[in-house]
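Topology and contacts: notes
Spelled out from the first residue to the last, the chains are:
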Amino acid sequence: MEFALVVPIVCLALLGVINGWSFVSSSLSMRAGVKTAANLVMQGSVNDAAIQAVALSSWENHPDAAQVTLGRKYMCGSTVVDASTLCGGVKAPSVFVEIQATATWSPPFSFGVFSFSRELSHQQVIRVR
C-alpha cells in the first residue's frame, strides 16, 4: 500500500531532476560555446562569420533555433563613437566585441510545472583594444 503511494511521487521527482539537469547542461554547453568564441576573439580573429560558426560548433547539442550574434562597439571613454573617429584627435577608440547566444530550451519530459520551454541566453563582452 505504501509503495503504491510513494512510487508516483518518486517518479515525479526523478522526472523533475532529469528536466533540471537537461536545463543546466544546455546552459553550460551554451556558455562553453560563447567562451570558445571569446577565446578566438582574444587570439585576434576578426572574421565574425567564422567566430559565430565556431561558437555554434562548440555548443554541444544546441537547439535548431540557436543563434550566436557578434557586435562591435567603439568607445571614447563612455561615449559610443564611429569606428573611424579618433578620441581627442589622436587616440584610437576602445573596441569591444559583444558575443550573444540565445536559444529556447524545451524539457525532455513535459508535465505540470516542468512543461514550459525556457529562454536561454548568455552574453560576453571582450575588450579588444
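Refer to the structure presented above.
A brief structural summary. These figures come from a predicted structure and were not determined experimentally. (Residues numbered from 1 in each chain as written. Predicted model: local features only at pLDDT ≥ 70, side-chain atom pairs only at ≥ 80, totals over all residues. Heavy atoms only, no water.)

Quick word on unusual backbone geometry
- You will see that Asn-61, though not glycine, has its phi angle at about 50 degrees, which is positive.
- The topology assignment puts Asn-61 in the loop between helix H2 (48-58) and strand E1 (67-76). (Helix = DSSP H or I, 4+ residues; strand = E, 2+ residues; numbered from the N terminus.)

Re the pattern of salt bridges
- The full count for this structure, using the stated rule, is one salt bridge.
- Arg-72 is the partner of Asp-48 in a salt bridge, and the nearest nitrogen-oxygen pair spans 2.7 Å. Pair noted here: Asp-48 is in helix H2 and Arg-72 is in strand E1, with a separation of 24 residues, a long-range link.
- Overall, the relative accessible area of 25% leaves Asp-48 in the partly exposed class. (Salt bridge = Lys/Arg side-chain N within 4 Å of Asp/Glu carboxyl O. Buried < 20%, exposed > 50% of the residue type's maximum accessible area, 1.4 Å probe, protein only.)

As for the packing of aromatic side chains
- Enumeration according to the criterion identifies one aromatic pair in this entry.
- With a centroid separation of 5.2 Å and an interplanar angle of 80 degrees, the aromatic rings of Phe-23 and Trp-105 are classed as edge-to-face. Here the residue Phe-23 occupies a position in helix H1 (residues 2-42), and Trp-105 occupies one in strand E3 (residues 94-105), the gap between them amounting to 82 residues.
- For Phe-23, a relative accessible area of 29% puts it in the partly exposed group. (Phe/Tyr/Trp six-rings, centres within 6.5 Å; stacked < 30°, edge-to-face > 60°.)

Remember that the coordinates give geometry; whether it matters functionally is a separate question.
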